[in-house]
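What follows is each chain in one-letter form.
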Amino acid sequence: MAASISCINHAVSCVKPSLFFTVQRNTSPVGACARRAAEIRSVRAAASATAEVQHNEKFCLELVRSRDYEGFVCSLLLPEAARRSALALRAFNVELAQVKDSVSQKSLGLMRMEFWKTTIEEIYRDKPPKQPVSMELWKAVKKHNLTKRWLTRMIAEREKDLDDRGYRNLQELESYAENTQSSLLYLLLESLGIKDVHADHAASHVGKAHGIVTCLRATPHHSVRRRVYLPVDICILGFAGGLYPRQPGAEHPGRGVRRRQSGSRSSGTRTFVPPQRPGSCDAGFPPHGGAGGLPAEGEEGGL
């Protein structure tokens, strides 16, 4: 019994100093200050992360509302679980669409497109750049497992459009709309959890129709800049059918020949007029007057 009591006293004597120093260390002013500083840093980091997330979301929302109001309204009708991703996708589309009108040289536009190509690659490596649209797009990709091919196809088609050439026929306009508007609709369907061949087929036709309608609506805006992006074959059919009035003394626009009257009716000389590029209003197509038209691609309501 005495031996047991001695062992207990020895154990207590060994525990007391360590317990004393532990309590002293936890209650010392230096330790309390260090813990308080760590807590403050943790709270600040969390608040900063929350503020950054809110800033990114608000940036995309305001960008879509100011540049693509119809898309903004349509996004509000989606379920809440897909609404934020839809706004991120539409903000990405706006960023691509406004490159053409925001640069003065093609090389600058190509640099912007190269940035977005690199951004998509980094998004799928979980290393998105610190840019609001990129961060929101990365979250949408992670949440809904979006198909990379549709994103890269949108960039590639917008990059081709930097050449600022008109469409030779309706098929070229449909192809442009398919690669831009239809690709966006495919991604929106994926954000809603819809992966169905029939839904994709309908989205393809809706996207083409949207692209054609947008091209028609933007005609007054383009005419102010003396540009015509309507398909050339449709314009020629309009002239041939008498839809557009010809200028007095002018031949068919596709012939590149204009008769100039001088003196009497019987005396006239033919002057060769070099054909203009399809994107110019001087290519024999009458300018559609009015400066109060709808905006072009990349601006509010643009493609």
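Residues numbered from 1 in each chain as written. Predicted model: local features only at pLDDT ≥ 70, side-chain atom pairs only at ≥ 80, totals over all residues. Heavy atoms only, no water.

**Brief notes about the overall build of the chain**
Part 1: Across its full length, the chain holds 12 helices and two strands.
Part 2: When its helices and strands are written in sequence order, the chain yields α-α-α-α-α-α-α-α-α-α-α-α-β-β.
Part 3: Scored against the burial criterion, the 303 residues of the chain give a buried share of 36%.
Part 4: When contacts within the chain are restricted to residue pairs at least 6 apart in sequence, those whose partners lie at least 24 apart make up 65%.
Part 5: For the chain, the exposed surface amounts to about 17,900 Å²; the carbon and sulfur share of it is 59%. (Helix = DSSP H or I, 4+ residues; strand = E, 2+ residues; numbered from the N terminus. Buried < 20%, exposed > 50% of the residue type's maximum accessible area, 1.4 Å probe, protein only. Contact = heavy atoms within 4.5 Å. Areas by Shrake-Rupley, 256 points an atom, 1.4 Å probe, with all protein chains shown as cover.)

**Things to note about the confidence of the model for the chain**
If pLDDT is low for a region, its predicted coordinates should not be looked at in detail.
Part 1: Of all residues in the chain, 62% have pLDDT values of 70 or greater, and the mean over the chain is 77.
Part 2: Across the chain, the secondary-structure element scoring lowest on mean pLDDT is strand β1 (residues 257–261), at 38, and the one scoring highest is helix α7 (residues 132–144), at 97.
Part 3: Below a pLDDT of 50 lies the segment residues 253–298, which in the model reaches 87 contacts outside its immediate sequence neighbourhood of four places, other chains included. (pLDDT = per-residue confidence, 0-100.)

**Here we look at the pattern of salt bridges**
Part 1: Tallied over the entire structure, the rule returns 17 salt bridges.
Part 2: A salt bridge links E157 to K160; the shortest N-O distance between them is 3.7 Å. A residue pair is termed a helical-turn pair when its members lie 3 or 4 positions apart in one helix, as E157 and K160 do in helix α8 (residues 148–160) at three residues.
Part 3: One salt-bridge network, held together by shared partners, links E57, R84, E136 and K139. (Salt bridge = Lys/Arg side-chain N within 4 Å of Asp/Glu carboxyl O.)

**With respect to the packing of helix α4 (residues 80–97) against helix α9 (residues 170–191)**
The relative placement of two packed helices is expressed as an angle between their axes plus a distance between the axes.
Part 1: Interhelical geometry of α4 versus α9 gives an angle of 160 degrees and a closest axis separation of 9 Å. Considering their axes alone, α4 and α9 lie roughly antiparallel with respect to each other. In the crossing of α4 with α9, the sense of the turn from one axis to the other is right-handed. Contacts between α4 and α9 pair A82, S85, A86, L89, R90 and N93 from the former with Q181, L184, L187, L188 and S191 from the latter.
Part 2: Classifying every residue of the contact of α4 with α9 by side-chain character gives six nonpolar, four polar and one charged. (Axes fitted to C-alpha atoms, helices over the stretch in contact; angles between N-to-C directions. Parallel < 35°, antiparallel > 145°, perpendicular 65-115°, else oblique. Left-handed = near helix turned anticlockwise from the far one by under 90°. Nonpolar A, V, L, I, M, F, W, Y, C, P; charged D, E, K, R; others polar.)

**Some words on the environment of L187**
Part 1: Considering the arrangement of structural elements, one finds L187 in helix α9.
Part 2: Overall, L187 belongs to the buried group, its relative accessible area being 0%.
Part 3: The residues touching L187, leaving out its near neighbours within four places in the chain, are L89, L146, T147, W150, L151 and M154.

**Regarding the nonpolar core**
Part 1: Counting residues in hydrophobic clusters, the biggest one holds 33 residues, and the most contacted among them are L89, F92 and L151.
Part 2: Looking at this core, the elements that each hand over two or more residues are α2 (29–67), α4, α6 (106–123), α7, α8 and α9.
Part 3: A per-element tally of this core places α4 first, with seven residues.
Part 4: When residues no more than four places from it in sequence are discounted, the contact partners of L89 are L137, L146, L151, L184, L187 and L188.
Part 5: Residues Y176, C215, V228 and C235 belong to the second largest nonpolar core, which totals eight residues. (Core = buried A, V, L, I, M, F, W, Y, C linked by side-chain atoms within 4.5 Å.)

**Here's the deal with helix α3 (residues 69–76)**
Part 1: The complete set of buried residues in α3 reads G71, F72 and S75. Taken around the axis of α3, the buried residues stretch over an arc of 105 degrees, which confines them to a single face. (Arc of directions from axis to C-beta.)

**Focus: unusual backbone geometry**
Residues apart from glycine generally show negative phi values, whereas peptide bonds are mostly found in trans.
Part 1: Not every positive phi belongs to a glycine, and N145 is a case in point at roughly 55 degrees.
Part 2: One can find N145 in the loop between α7 and α8.
Part 3: The phi dihedral of R226 falls on the positive side, at around 55 degrees, and the residue is not glycine.
Part 4: Note on placement: R226 falls in the loop between α11 (219–224) and α12 (232–240).
Part 5: For R226, a relative accessible area of 41% gives the class partly exposed.

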